[in-house]
Amino acid sequence: MDEEHPLVEVVNQAEAMDTDVPAIQELHPSVQPQDEMKGAITSTTASESHERKGSYTWRIPHFLSYNKDKLYSECFEIGTYIWRLLTFPKGREGFLAIYLDAPEASSTPSNLSPSAAFKLIIVNQVDPTKSFIKETSHTFDARETDWGFTNFISMAELTTPNSPYVNPSDGTVELRVEIQVQPDPRYAYDSRKETGFVGLKNQGATCYMNSLVQYLFMLPYFRKAVYHMPTSDSDDPKRNMPLALQRLFFKLQYSKTSVSTKDLTASFGWSTYDAFLQHDAHELNRVLCEKLEDKMKGTKVERTNQELFEGQILNYLKCLHVDYTSERKESYMDLQLNVRGCKDVYESFYKYIEEEMMDGANQYNAEGHGLQDAKKGVLFDSFPPVLQLHLKRFEYDFQRDVSTKVNDRYEFYEELDLDVDNGRFLSPKADRSVRNLYKLFAVLVHQGNSGGGHYYAYMRPDGKTWYKFDDERVTLEDGKAAMEGQFGGEEDVPGMGFQHLRRAAPSNAYMLVYVRVSDWDRVFCPVGKEDLNVHLLRRLEQELAEKEKKQKEKMEAHMYITVKVATDLDIQKQLDSGTRAFDLVDHDLLAPEKSFLRLRKHTNFSEVKRLMAERTGVPPEKQRYWAWGPRPNNTLRAVRTLTPEEETSKLLDLKELRDMSNTTKHVSMDIRLYLELPGVLGKIEPDKPLYDRTEKDLLIFLKAYFPEQETMRYLGRKHVHMGTTVQHLLENLQKKFKMLGFGPQDEGPLEAWEEVKWSPTVVVELCAPGDELGIRHYDSYIDGDIFIVQRSLDKSEAETLKRPNVSSYFEYIRNRRLVNFRQLSDPKEEGFTLELWQDFPYSEVTLALARKLGLQPPEEGAARIRLTTYNIYVHGPQRHPIKLHEHSRLNTMLPTQSTGNLQRLPGGVAATDILYYEVLDMPLEQLEQLKTFKVYFHKETTEQASEHTVRVQREGTVADVLEQLAQQLGPAAQQRVLRLMEVHSSKLYKILEPSDPIANLDGTYWRLRAEFVPQDELSLQEGERLLHCYHISKKTLGTGADGTAQQPADQYQQGVGVEQGGHQVAAQHYLFGDPFVLKIGAAETLGSLKQRIKSKLRVNEEEFGQWRFWIWSPRAGYEMLSNDEEDVAAKLPKEEGTGFTDTPFLGMEHRDDKPFKQRQSQYPSPYQRPIKINS
């Protein structure tokens, strides 16, 4: 042979069959292989590696004599997949083309698509060692079901005399394929097999939760405590957080595949909406552990969190020149360490204990000693067994009103010795006998920027081997990736070629977890099934076994076809139960144990008949199968009987039946059939013969309608001759009038209606006596028509009935809607169900609801009902209620129903057919003419006392708002003067005048605060004015990865001034608490002002002694006030400011002991929410 045609050729650039050849979709070969063309198959399966090998040889006699364009081999199975070979005997452009085809790939889910490396071989029949070979690999899917070579070998090599590839005796050509099936690498990774661990599924944006939950699970001491929390067998995991966590931990420990967190988040009270909000892992850790601590109280695991995570710090303050010392101990569950300005974790600890000098204007007011120079700081009384270090990678930039990420390089180590420098971090009273040497256990990582990103974790449960937990995927990692790779700093920009550019590394450590070496064995204690309650263990093992069974079925789905067989009894059952009204049967709702057959694809159809004989008691020879599929009007009926060839075929060859059964765009491996059995009127009679059907017969189905009861019954199927009229059918049924349940025969004749279509509007037609069956709507006779018979009613009788005929009954069925009503104040409660019509207007819906609620009179009660629609994304109410004239009909308030099925859920209500209601104190129409505000009333000590909803006319004024509020506060309030203020982010923006119109008042952005005006402020004298007073803290501020501000650290830091909301504030300061106004008189001193503030806020003497005061004005800016004799009024400009940006204020600097909340942006995102666990 020529050198350009080697006998053995390895080619990686194979191709799909050319596009000019029709796509190979059919299962039946275009040329059915004859017996002498059948091949031989050999296969082996390596169960350990899941790599399956096999070969198939196809011998084609008289190959060069075929007149067909293409030939298929028979189907064969290798590695649980079905294959066949395809070749073109005439050649294509002078070459023989050979392809390997996976005919089932077009209907196989993408995660189960067969991926194979294979060799295509034309056998040298003289010397098999010189066979011509090409090999390639491919993943077979719906886009490319075949793969091979268009130019496999020149046809000249075959047609040349004495060609070694053609048997001279009979012209046989042998084609051979060797296949090695391998799992698709996109889906084949098995975390449990590769690492011994499994991951958690991400619900949308729950990676932050996954990394934290994995970390807590990997602490066996904590896991054991969770297992020992008391739960009962009747508890619902969606409502019981301890049970949900127990189940989750058990599955993480014993499941073979990744685990869902949906039950856990449901137990938190979260909706689907919450699952798509990214939060901060550190914040969740704090909230979750607090909740668990509450749940553990009173149990034997009560102090688990404290035993693992709790340490103590000593806050001290010592005066330098007098004998005065103040000490206070605090517990901590984690430590927040500075990253900015610190080289490594040790420098952060030194920064943490760094002393602050309080001198000059910042002197400490020591009780009994006055203002004194002092130093304050913090030391550690104890460290916990599990030390959680939260690295402050996120800071809040007040100037830009944004969160920023600190990507600075920050080093940490495998071991952390907190006894360094002769115990420099420890307080004098700390227990020095405890060796505070720690080993790094976990690194929680944030990848991204301050706007969002992704969380994952590195952990080494044995103290040696690192694993990466990234949602569902768990992989083995080296220490460099887990540690040095997460130091942060800069990295090279990839793909820049010769340009050496660097950028901040977006992936870096966000939380470090160290375990004390001396406590390692105690923390990593053995934990197993024996730690679970017996009832819970049994329940979880059953669930796990069921999950693994379903997973196995899912992974093997490509190997099977499900045959769903419906009989007359199934039709009758679904009609009687109300599951189906129009058409006949929903195959998906059949009882699986009676009607579903899950069989291997190469199973012969005769096995279906044998199995159904066991279930029905009817022998195979008395069974007649009908293909089930759509008709031109989109109804589903029995369309034809199976052919003798189909009843002797393998299931994989019945592609036409599968296509008929697959009425959606989704891939289906089902075959839906109707099984006709001996008997009449829906009764199975195995001893009777099956009706001897001829080509002139038609199959129809019969129902009966009873207008008095508004019910329908299935009468069964019937074979009639072509040309049979409706009159003939009714005469035949009239003879069985009483047997059909219509009553005495003298009650009148019957009439027949035909079911035509359900969507978009239901159509049933009254049949004329002369109409022929099976051809009323078609050009030729057709099987499967459905006729409904009922007693003919005269006009007077029909007028007494609500739905006197089939048409009115189906109109009712088509238009009714079963709606579940729930109180808006308690949206998770089941509520109750009402049957309504889809075209009910809003007023009819609320009237029906008012009658159900017993509101009297109903018409007036209905006018006070406001409805809110269901949000399918959050599985709860929409944020805004329905406006009175927003929806014209009920069907626009609910999701569209497009099928003929009735509601399937318990109680007959679809999951989305929910409306939430509230009963108002006034008619909705009147309410919508008013403007509604939330007003927060504050006491004279400035704390919030109550919250009120105030409604006033849209053309009203602030005075109207205050009048309504006074009425709600009671008679005493009506004797006092109220004022209304706009407050935002602990700043007072405006004191509203009573005459101000409310048209432009925005209660959704501003917090509307009301209070009584003190008597001394009712009438200000000359030289007196109102001074804005703000609470200010000087603590260092960090934020979480989602931009949510964190609790500040305990260190005070001096800084330069920056602008915050128009006011000059010292760097590292922030506003908190409730601002207020205070009258200041002419020449009033700081001392006088302080006494009035202390009295107003009721602050104790010791605490107030630590407060610092300063003033800000547009003229002088920031100025510290340190002398009680200073004239504060003199420091204020003569002209009062016109807005908050130039209004002077008094700053009261003191410790903020309450959890910090980030000040709202001017345009706050609706997706920024604090983490709440409502379990």
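The structure displayed is predicted, hence computed values, not measured ones. (Residues numbered from 1 in each chain as written. Predicted model: local features only at pLDDT ≥ 70, side-chain atom pairs only at ≥ 80, totals over all residues. Heavy atoms only, no water.)

A.B. asks: Help me understand the overall build of the protein chain, please; the structure alone is not making it clear to me.
C.D. replies: Within the protein chain one finds 28 helices and 55 strands. Residue burial in the protein chain is summarised as follows: out of 1175 residues, 53% are buried. Here the analysis covers contacts within the protein chain between residues at least 6 apart in sequence; of these, 67% occur between residues at least 24 apart. A total accessible area of about 54,500 Å² is found for the protein chain, and carbon and sulfur atoms account for 48% of it. (Helix = DSSP H or I, 4+ residues; strand = E, 2+ residues; numbered from the N terminus. Buried < 20%, exposed > 50% of the residue type's maximum accessible area, 1.4 Å probe, protein only. Contact = heavy atoms within 4.5 Å. Areas by Shrake-Rupley, 256 points an atom, 1.4 Å probe, with all protein chains shown as cover.)

A.B. asks: Could you clarify how one ought to interpret the sheet that holds strand β17 (residues 374–382) in this entry?
C.D. replies: Each strand in a sheet pairs with another by means of backbone hydrogen bonds, the pair being arranged parallel or else antiparallel. Judged by pairing direction, the sheet is antiparallel, and its four strands sit side by side in the order β12-β11-β17-β14 without closing on themselves. Lying at the two open borders of the sheet, with one neighbouring strand each, are β12 (325–332) and β14 (356–358). Going from strand to strand, the sheet's axes swing by 25 degrees on average, the running direction of each strand aside. Of the strand pairs in this sheet, strand β11 (residues 311–319) and β12 are connected by eight bridges, and their pairing is antiparallel. By the bridge assignment, Lys-318 is partnered in β12 with Thr-325. (Pairing = 2+ DSSP bridges. Axes fitted to C-alpha atoms, helices over the stretch in contact; angles between N-to-C directions.)

A.B. asks: What's the story with unusual backbone geometry in this structure? I'm lost.
C.D. replies: The bulk of non-glycine residues show a negative phi, and the bulk of peptide bonds are trans. A cis amide bond links Gln-856 to the next residue, Pro-857, at an omega of -15 degrees. For Asp-421, which is not a glycine, the phi torsion comes out positive at approximately 55 degrees. Its place among the elements puts Asp-421 in helix α11 (residues 420–423). In this structure, Asn-422 takes a positive phi of about 55 degrees despite not being glycine. With respect to the helices and strands, the residue Asn-422 is situated in helix α11.

A.B. asks: Would you explain helix α17 (residues 605–616) in this entry?
C.D. replies: Relative to the 16 Å expected for twelve residues at 1.5 Å per residue, α17 spans 17 Å between its end C-alpha atoms, a close match to the ideal helical length. Within the span of α17, buried status applies to Phe-605, Val-608, Lys-609, Leu-611, Met-612 and Ala-613. Sitting at the head of α17, Asn-604 places a side-chain oxygen 3.0 Å from the backbone nitrogen of Ser-606. After α17 finishes, the residue Gly-617 shows a positive phi value of roughly 80 degrees. (Expected span 1.5 Å × (residues − 1). Polar contact = N/O pair within 3.5 Å; in protein donor to acceptor, adjacent residues only side chain to side chain.)

A.B. asks: Would you take a moment to explain the environment of His-279 for this structure?
C.D. replies: Relative to the helices and strands, His-279 resides in the loop between α7 (272–275) and α8 (281–296). When the C-alpha positions of His-279 and Ile-1171 are compared, they lie 7.2 Å apart, and in sequence the two are 892 residues distant.

A.B. asks: It is not clear to me how the packing of aromatic side chains should be interpreted in this structure. Could you clarify?
C.D. replies: To describe a pair of aromatic rings, you give the distance between the ring centres and the angle between the ring planes. Across all of its chains, the model carries 48 aromatic pairs by this definition. An angle of 45 degrees between the planes, with centres 4.9 Å apart, marks the rings of Phe-250 and Tyr-254 as tilted. With Phe-250 and Tyr-254 both in helix α5 (residues 241–254) and four residues apart, this pair spans about one turn of that helix. The exposure class of Phe-250 is buried, given its relative accessible area of 1%. With relative accessibility at 26%, the residue Tyr-254 sits in the partly exposed group. Where Trp-1110 meets Phe-1145, the ring centres are 6.0 Å apart and the plane angle is 65 degrees; that geometry is what we call edge-to-face. Separated by 35 residues along the polypeptide, Trp-1110 in strand β53 (residues 1108–1113) and Phe-1145 in strand β55 (residues 1145–1149) bring together distant segments of the chain. (Phe/Tyr/Trp six-rings, centres within 6.5 Å; stacked < 30°, edge-to-face > 60°.)

A.B. asks: Looking at this model, I keep getting lost on the packing of α5 against helix α14 (residues 534–555). Mind explaining?
C.D. replies: What describes two packed helices is the angle between their axes and the distance between those same axes. One way to put it is that α5 packs onto α14 with a least axis distance of 11 Å and a crossing angle of 55 degrees. One element, α5, and the other, α14, form an angle in the oblique class. Crossing geometry of α5 relative to α14 is assigned as right-handed. Residues Leu-243, Gln-246, Arg-247, Phe-250, Lys-251 and Tyr-254 of α5 form the contact with α14, whose own contacting residues are Leu-536, Leu-537, Arg-539, Leu-540, Glu-541, Glu-543, Leu-544 and Glu-548. (Parallel < 35°, antiparallel > 145°, perpendicular 65-115°, else oblique. Left-handed = near helix turned anticlockwise from the far one by under 90°.)

A.B. asks: Whenever I open this one, the side chain of Ser-131 confuses me. Can you help?
C.D. replies: On the secondary structure map, Ser-131 appears in the loop between β7 (115–122) and β8 (132–139). Given the relative accessible area of 6%, Ser-131 is considered buried. Of note is the side chain of Ser-131, whose polar atom sits 3.0 Å from the backbone nitrogen of Asn-124. At 2.7 Å, the side chain of Ser-131 forms a polar contact with the backbone oxygen of Pro-128.

A.B. asks: Mind showing me how you'd approach the environment of Gln-214 here?
C.D. replies: By the element assignment, Gln-214 lies in helix α3 (residues 207–217). Owing to a relative accessible area of 2%, Gln-214 belongs among the buried residues under this scheme. Setting aside chain neighbours within four positions, we find Gln-214 in contact with Val-198, Gly-199, Leu-200, Leu-252, Met-459 and Phe-469.

A.B. asks: What exactly am I supposed to notice about the sheet that holds strand β38 (residues 785–791) here?
C.D. replies: In spatial order, the strands read β35-β34-β38-β36-β37; together these five strands make up an open sheet with mixed pairing. Each edge of the open sheet is held by one strand with a lone partner, namely β35 (711–721) and β37 (763–766). In this sheet, neighbouring strand axes are inclined to one another by 30 degrees on average, regardless of whether the strands run parallel or antiparallel. The pairing of strand β36 (residues 750–757) with β37 spans four bridges and is classified as antiparallel. Paired with Glu-754 across the strands is Glu-765, a residue of β37. Of the strands in this sheet, β34 (697–706) and β35 are in contact with helix α15 (residues 568–577), which crosses β35 at around 150 degrees.

A.B. asks: Any chance you could explain the confidence of the model for the protein chain here in plain terms?
C.D. replies: Low-confidence regions, as indicated by low pLDDT, have predicted coordinates that should not be scrutinised in detail. Across the protein chain, the average pLDDT comes to 83, with 85% of residues at or above 70. Low pLDDT, under 50, characterises residues 1–13; the stretch is placed with 25 contacts to residues that sit more than four places away or in other chains. Note that residues 1155–1168 has pLDDT below 50 and, in this model, 32 contacts with residues that lie over four places away or in other chains. (pLDDT = per-residue confidence, 0-100.)

A.B. asks: Sorry, what's going on with the pattern of salt bridges here?
C.D. replies: Where charged atoms from two side chains of opposite charge come close, those side chains can pair. The final tally for this structure, using the stated rule, is 64 salt bridges. For Glu-708, the salt bridge identified is with Arg-791, shortest N-O distance 2.5 Å. With a gap of 83 residues between them, Glu-708 in the loop between β34 and β35 and Arg-791 in strand β38 connect regions that are remote in the sequence. Residue Glu-708 is classed as partly exposed on the basis of its relative accessible area of 39%. (Salt bridge = Lys/Arg side-chain N within 4 Å of Asp/Glu carboxyl O.)

A.B. asks: How should the pairing of strand β25 (residues 473–477) be read in this particular structure?
C.D. replies: Regular strands show a simple pattern: their side chains alternate between the two faces of the sheet. In the sheet, strand β24 (residues 466–470) pairs with β25 via five bridges, with the strands oriented antiparallel. Note on β25: the bridge partner recorded for Tyr-467 is Leu-476. Connecting β24 to the antiparallel partner β25 that follows it, the hairpin turn spans two residues, and Asp-471 within it adopts a positive phi of roughly 55 degrees.

A.B. asks: Would you mind going over the packing of α5 against α8 with me for this structure?
C.D. replies: Two elements in contact, α5 and α8, have axes separated by 10 Å at closest approach and are oriented at 110 degrees. It follows that α5 is roughly perpendicular to α8 by the angle criterion. Every residue of α8 that contacts α5 at Met-241, Pro-242 and Leu-245 is listed here: Leu-288, Lys-291, Leu-292 and Lys-295. Across the contact of α5 with α8, the residue classes break down as five nonpolar, no polar and two charged. (Nonpolar A, V, L, I, M, F, W, Y, C, P; charged D, E, K, R; others polar.)

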